[in-house]
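Coordinate inspection notes
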Amino acid sequence: MFNKIASTISYIFNPLIMPTLGVFIMFSTNTLMVYQPPEVKRAVYLIVFLSTFVLPFSFIPFFLYNKLISGIMMRKRKERIIPLIVTSVMYIFAAFLIYRIPVAVFLKKFVIAVTINVLLVLLISLRWKISVHMVGIGGLVGLVFSLSLYENNNILYYFITTIILAGLIGSSRLQLKAHNPPQVYAGFLQGLIIVTLYLVFV
């Protein structure tokens, strides 16, 4: 039963969906981004969702068919290399497109930060199996923390929600024995630190 719950959480909160959730949070809080024109919001959602979720995910059947991976979760470290290379290209493409449209700099920086995280995961995965799920949710927590510096009235709810999600996702990865504690903690810290530092100091 616990493994089924853990698997469900892992599938629902796939790390590829985190950038899109981040965009949703930014457009839902009381920052200047909430006043972006509807057509700009639609363009951002389209670019981010397609480039960071749909396109990378669409390669999975190809990887499975050619036996480059043994499953969607890619439990073996070496299985992650080629998918991460493809994902990195897609994220770089998303960042390039986002920088060409008139949207808040903060959002552009977020897309760059998550792209940096993907590239770091690729490099780390050459030698070690870091938790990609935790990098994703760590980045989302970093985004909410950075947004809190703008003193938004409703940001506390997002902060509490993302922290709870981080706990659930981390526990799920451990329950499934997909990662050990150091891999989970390292993933969360990487996502949190990279996104926070880039959004606040760059």
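A brief look at the structure comes next. All values reported here derive from a predicted model rather than from experimental measurement. (Residues numbered from 1 in each chain as written. Predicted model: local features only at pLDDT ≥ 70, side-chain atom pairs only at ≥ 80, totals over all residues. Heavy atoms only, no water.)

Considering all chains together, one arrives at one cavity of 30 Å³ or more under this definition. The calculated volume of the largest cavity comes to roughly 530 Å³. Considering the residues around the largest cavity, the lining is formed by 32 residues, among which Asn14, Pro15, Leu16, Leu84 and Val132 are closest to the centre. Residue assignment for the lining of the largest cavity shows that the elements contributing at least two residues are helix H2 (18-28), helix H3 (38-58), helix H4 (60-65), helix H5 (81-98), helix H6 (105-125) and helix H7 (132-148). If you tally residues by element for the lining of the largest cavity, the top one is H7, at six residues. Class assignment for the residues of the lining of the largest cavity results in 23 nonpolar, seven polar and two charged. (1 Å grid on protein atoms, 1.4 Å probe; cavity = no way out; pocket = protein on both sides within 12 Å on 5 of 7 lines; lining within 4 Å. Points joined across faces, edges and corners; volume = space filled by probe spheres on them. Helix = DSSP H or I, 4+ residues; strand = E, 2+ residues; numbered from the N terminus. Nonpolar A, V, L, I, M, F, W, Y, C, P; charged D, E, K, R; others polar.)

What follows is about the packing of aromatic side chains. One pass over the structure, following the stated rule, counts five aromatic pairs. Taken together, a centroid distance of 5.4 Å and an interplanar angle of 20° make the contact between Phe49 and Phe53 stacked. Pair noted here: Phe49 and Phe53 are both in helix H3, with a separation of four residues, about one helical turn. Using a relative accessible area of 33% as the deciding quantity, one classes Phe49 as partly exposed. For the pair Phe59 and Phe63, a centre-to-centre distance of 6.0 Å together with 25° between the ring planes defines the contact as stacked. Its relative accessible area of 3% is what places Phe63 among the buried residues. Taken together through their ring pairs, the aromatic side chains of Phe49, Phe53 and Phe57 make up a single cluster. Here the basic side chain of Lys108 rests over the ring of Tyr99, its NZ or CZ set 5.3 Å away from the ring centre. (Phe/Tyr/Trp six-rings, centres within 6.5 Å; stacked < 30°, edge-to-face > 60°. Buried < 20%, exposed > 50% of the residue type's maximum accessible area, 1.4 Å probe, protein only. Lys NZ or Arg CZ within 6 Å of the ring centre and 35° of its normal.)

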